[in-house]
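What follows is each chain in one-letter form.
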Amino acid sequence: MTAAWHPRRLGRHSIPPGGHEWENRFMPDLLPSDDSDAGTSALDTSVIPLGERALRGVLGHVVAVGDEAEATYLEVKSSLDMNSKATAAKIAKFLLGAANRRPGEAARYFHGYAVLVIGAQKNSAPGVPRGTEAHELEDRLRPYLGPQFPAFEFGRIGIDSDHEVLFVIAQPPEDGQTIFPCHKSYQSDDRRDSLEDGAIYVRGTSNTRPARSGEVLALVERVRRGGRPPIDLEVQVLGPICRVDRVDEILKSLRRYEEEQFTKQPTPAEDAFASTSFRLASSVFGNPKPLSTEDREQALAAWQSKEAEHIAEAREHFLGVGMSGAGVQVVSRGRFVSKPHLIVTFHNCEVLDYLDPDDAAFEKAVEPVLGPHEPFLPNFDHSAIRPLPRGYPVTWSTHGEDAVVVLTPESFRPNVPWTSDQDDYVIIAKDPEASSVEVSWELTEDGNDAVTSGELRVPTEPLVDAADLFKSVFLSTDEDL
């Protein structure tokens, strides 16, 4: 028994047949054993379905599972009369549906190719009689496909001296291709096999059928995308990439000062004449009710147990009110970008909410042991609420070691700068010694499967000492830490 592979490219760009023959007892390898589970046969769709090895895999899968193998990229016909009009119409319908696929979806399987297997079914591959000539098949298909139809491949695997399994292999669809309508009608006793002149056919889950309205619009978009120039995007960071040193050290030092103030017995003089910002923030001021020693110890223990939480909150407030905000400017050169989704990643950085300097509050940077209200009662910070308008096109967060800003405006217009506000967030380099940071970006567009990316290096601002920053934000010029 012999098996042979003869590929042939058909269509407008036909090439001579080529290939080779090899000796192989193929049929026993295809048939699953009686005690095997045929449904476990896995099809490798990561390969290009051209050549002996790939098509043997396809045929083996079809023999194992039969019609269950059918998908958007694979169709199976157990037996066809290769000389009949009905067969030509069925092959043409498959090719039309395969040509009208969406490139992004098609590329998930077989690198975009689609395969029609003729002469195989579950548990057997009887094939069709030998003698089908590629050029004759092309002549019978051309009236249905039209003169501009893309090339396709034709292959065969011999089963015995009289029969072979045939493969018709459609090329991957591409952006910019036209829609391929049917060019000739064919009426079959089974309406599912009929063709209508002018109809647009698409591949369904396991069959070829007339396109629905949404699918036609998607094909129109496929045509339109091919006429667009590639996206040429300029991304610029506005505002500073900040560097601050000794933040945690200074905040912990201020907590120690608060603890020392609290452990001292309050005196009326201190309550009456406290003047510095530290005393204003101390637990003594605003709490006229005397506390027992036990109450004070419990309050201090509760405060100490939340040090990590307080430091984190204090850090966000301190840097949010103390540092300048950043933003992003985008220019699309010569190209309209519809509903862009732009992810800007600041590597080895963190992002914090920008806060108005007028909202700076000492007690948010140095959590008092006792708040200005009744002890042990939770205080709700209304100033922490920053409601954003619905559909606000900027979001920001820290992911792992990086700060990520996502921009989702309605569009980027050609050569018109789009600029985000600089009062949304603050970008801080995690390495105080870094003179610059790497910024990368990825853009996707509505209705476009392509991903455009780029990167740039952005210089950082001069290093600021946290003690100096704290003084400038919270203390008068004559006070010191």
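Check the entry above for the structure.
A short tour of the structure in this document, coming up. Starting afresh in each chain, residues are numbered from 1 along the sequence in its written order. In keeping with the model being predicted, local features are shown solely for residues with a pLDDT of at least 70 and side-chain atom pairs are shown and tallied solely at 80 or more, while totals for entire chains, interfaces and linings include all residues. Excluding hydrogens and water, the side-chain figures rest on all heavy atoms present in the structure.

**Topic: the overall build of the protein chain**
When helices and strands are counted, the protein chain shows 13 helices and 25 strands. We call two residues in contact when some of their heavy atoms are within 4.5 Å. Of all intrachain contacts in the protein chain linking residues separated by at least 6 positions in sequence, the fraction that spans at least 24 positions is 77%. Each accessible area value is a Shrake-Rupley result obtained with a 1.4 Å probe; residue values ignore everything except the protein chains displayed when judging cover. When the accessible surface of the protein chain is split by element, carbon and sulfur atoms take 49% of a total near 24,500 Å². Note on conventions: DSSP H or I runs of at least 4 residues are helices, E runs of at least 2 residues are strands, and numbering of each starts at the N terminus.

**Notes on the packing of aromatic side chains**
Stacked, tilted and edge-to-face are the three classes applied to pairs of Phe, Tyr and Trp rings, where Trp contributes its six-membered ring and a pair requires centres within 6.5 Å; stacked means planes under 30 degrees apart, edge-to-face means over 60, and tilted covers the rest. A complete count under the given rule lists 10 aromatic pairs for this structure. Taking the centre distance of 5.3 Å and the plane angle of 65° together, the rings of Phe-149 and Phe-180 count as edge-to-face. Taken as a pair, Phe-149 in the loop between α5 (134–145) and β7 (152–158) and Phe-180 in the loop between β8 (163–170) and β9 (201–203) lie far apart in primary sequence, 31 residues in all. Like Phe-180, Phe-149 is buried. Site record: aromatic cluster; members linked through ring pairs are Phe-318, Phe-362, Phe-470 and Phe-474. Relative accessible area decides the class of each residue, using a 1.4 Å probe on protein chains only: under 20% of the type maximum gives buried, over 50% gives exposed, and in between gives partly exposed.

**What about the sheet that holds strand β24 (residues 448–459)?**
The strand order β18-β19-β16-β23-β24 describes an open sheet built from five strands, whose pairing is antiparallel. Each edge of the open sheet carries a strand with a single partner, namely β18 (394–399) and β24. Between one strand and the next, the sheet's axes are offset by a mean angle of 15°, whatever the strand orientation. By this definition, two strands are paired if DSSP reports at least two bridges between them. Where strand β16 (residues 341–346) and strand β23 (residues 436–445) come together, six bridges link them in antiparallel fashion. When the sheet's bridge partners are listed, Val-344 is paired in β23 with Trp-441. Note on method: axes are straight lines fitted to C-alpha atoms, helices fitted across the in-contact stretch only, with angles between N-to-C directions ranging 0 to 180 degrees.

**Examining unusual backbone geometry**
Note on backbone geometry: most residues besides glycine have negative phi, and most peptide bonds are trans. With phi around 55°, Phe-110 is a residue other than glycine that occupies positive phi space. With respect to the element layout, Phe-110 can be found in the loop between α4 (103–106) and β5 (114–118). Judged by its relative accessible area of 0%, Phe-110 falls in the buried class. In this structure, Asn-348 is a non-glycine residue whose phi angle is positive, near 55°. Residue placement: Asn-348 occurs in the loop between β16 and β17 (349–353).

**Considerations on the nonpolar core**
Formed by 32 residues in total, the largest nonpolar core has its most connected members in Ile-91, Leu-95, Ile-118, Leu-141, Leu-145, Phe-149 and Val-168. Sorting elements by how many residues they give to this core places helix α3 (residues 85–99) first, with nine residues. Discounting residues that sit within four places of it in the chain, Leu-141 has contacts with Ala-88, Ile-91, Ala-92, Leu-95 and Phe-152. Counting 30 residues, the second largest nonpolar core, distinct from the first, contains Ile-241, Val-337, Phe-346 and Trp-441. The definition of a nonpolar core used throughout is a set of buried Ala, Val, Leu, Ile, Met, Phe, Trp, Tyr and Cys residues joined through side-chain atoms within 4.5 Å.

**Description of the sheet that holds strand β22 (residues 425–429)**
Whenever strands of a sheet pair, they do so through backbone hydrogen bonds, lying parallel or antiparallel. Strand order in the open sheet formed by three strands is β12-β22-β17, and the pairing between neighbours is mixed. Sheet topology places β12 (241–242) and β17 at the edges, where each strand pairs with a single neighbour. Contacting β17 and β22, helix α11 (residues 307–322) crosses the sheet at an angle of about 85° to β17.

**As for the environment of Ala-302**
Topologically, Ala-302 is positioned in helix α10 (residues 293–305). Remark: the alpha-carbon pair of Ala-302 and Val-369, spanning 67 residues in sequence, is separated by 8.4 Å.

**Let's talk about the pattern of salt bridges**
Any two side chains of opposite charge can pair, given that their charged atoms come close. Salt-bridge detection follows one rule: a side-chain nitrogen of Lys or Arg within 4 Å of a carboxyl oxygen of Asp or Glu. Per the stated rule, a full pass over the model turns up 19 salt bridges. Arg-102 serves as the salt-bridge partner of Glu-105, at 3.5 Å between the closest nitrogen and oxygen. A salt bridge links Glu-249 to Arg-246; its shortest N-O distance comes to 2.8 Å. With relative accessibility at 45%, the residue Glu-249 sits in the partly exposed group.

**Comments concerning the pairing of β5**
Looking along a regular strand, one sees side chains alternate from face to face of the sheet. Within β5, five of the five residues are buried, which leaves it mostly tucked inside the rest of the structure. On β5, burial covers both faces: Ala-114, Leu-116 and Ile-118 on one face and Val-115 and Val-117 on the other are all buried. Looking at chain direction, strand β4 (residues 74–77) and β5 are connected through four bridges and run parallel. Bridging across to β5, Glu-75 finds its partner in Leu-116. Where β5 lies against β8, five bridges are found, and the strand directions are antiparallel. Its bridge partner lying in β8, Val-117 is registered against Phe-167.

**Some thoughts on α11**
With 16 residues, α11 should cover 22 Å at 1.5 Å per step; its first-to-last C-alpha distance of 21 Å lies within 8% of that length. Along α11, the residues classified as buried are His-310, Ile-311, Ala-314, His-317, Phe-318, Leu-319, Gly-320 and Val-321. One less than the number of residues in a helix, times 1.5 Å, gives the span that helix is expected to have.

**Details of the pairing of β18**
Bridge count between β18 and strand β19 (residues 402–407): six bridges; the pairing is antiparallel. Bridge pairing in β19 places Val-394 opposite Leu-407. As consecutive antiparallel partners, β18 and β19 are separated by two residues, and within that stretch Gly-400 has a phi angle of approximately 60°, a positive value.

**Notes on the packing of helix α7 (residues 247–263) against helix α13 (residues 466–474)**
At a closest axis distance of 8 Å, the pairing of α7 and α13 adopts a crossing angle of 60°. Judged by the angle between their axes, α7 and α13 are oblique. In this structure, α7 contributes Val-247, Ile-250, Leu-251 and Leu-254 to the contact, and α13 contributes Ala-466, Ala-467 and Phe-470. Each residue gets one label: Ala, Val, Leu, Ile, Met, Phe, Trp, Tyr, Cys and Pro are nonpolar, Asp, Glu, Lys and Arg are charged, and the others, such as Gly, are polar. Its residues placed into classes, the contact of α7 with α13 shows seven nonpolar, no polar and no charged. Roughly parallel means an angle under 35 degrees; roughly antiparallel means over 145; roughly perpendicular covers 65 to 115; every other angle is labelled oblique.

**Focus on the state of the cysteines**
Two cysteine sulfur atoms form a disulfide, by the criterion used here, when they sit within 2.5 Å. Tallied over the full model, the rule gives zero disulfides. The thiol sulfur of Cys-242 is not disulfide-bonded, and the nearest other cysteine sulfur, from Cys-349, lies at 9.9 Å. Of the residues examined, Cys-242 reaches a relative accessible area of 3% and is grouped as buried. Overall, Cys-349 belongs to the buried group, its relative accessible area being 0%.

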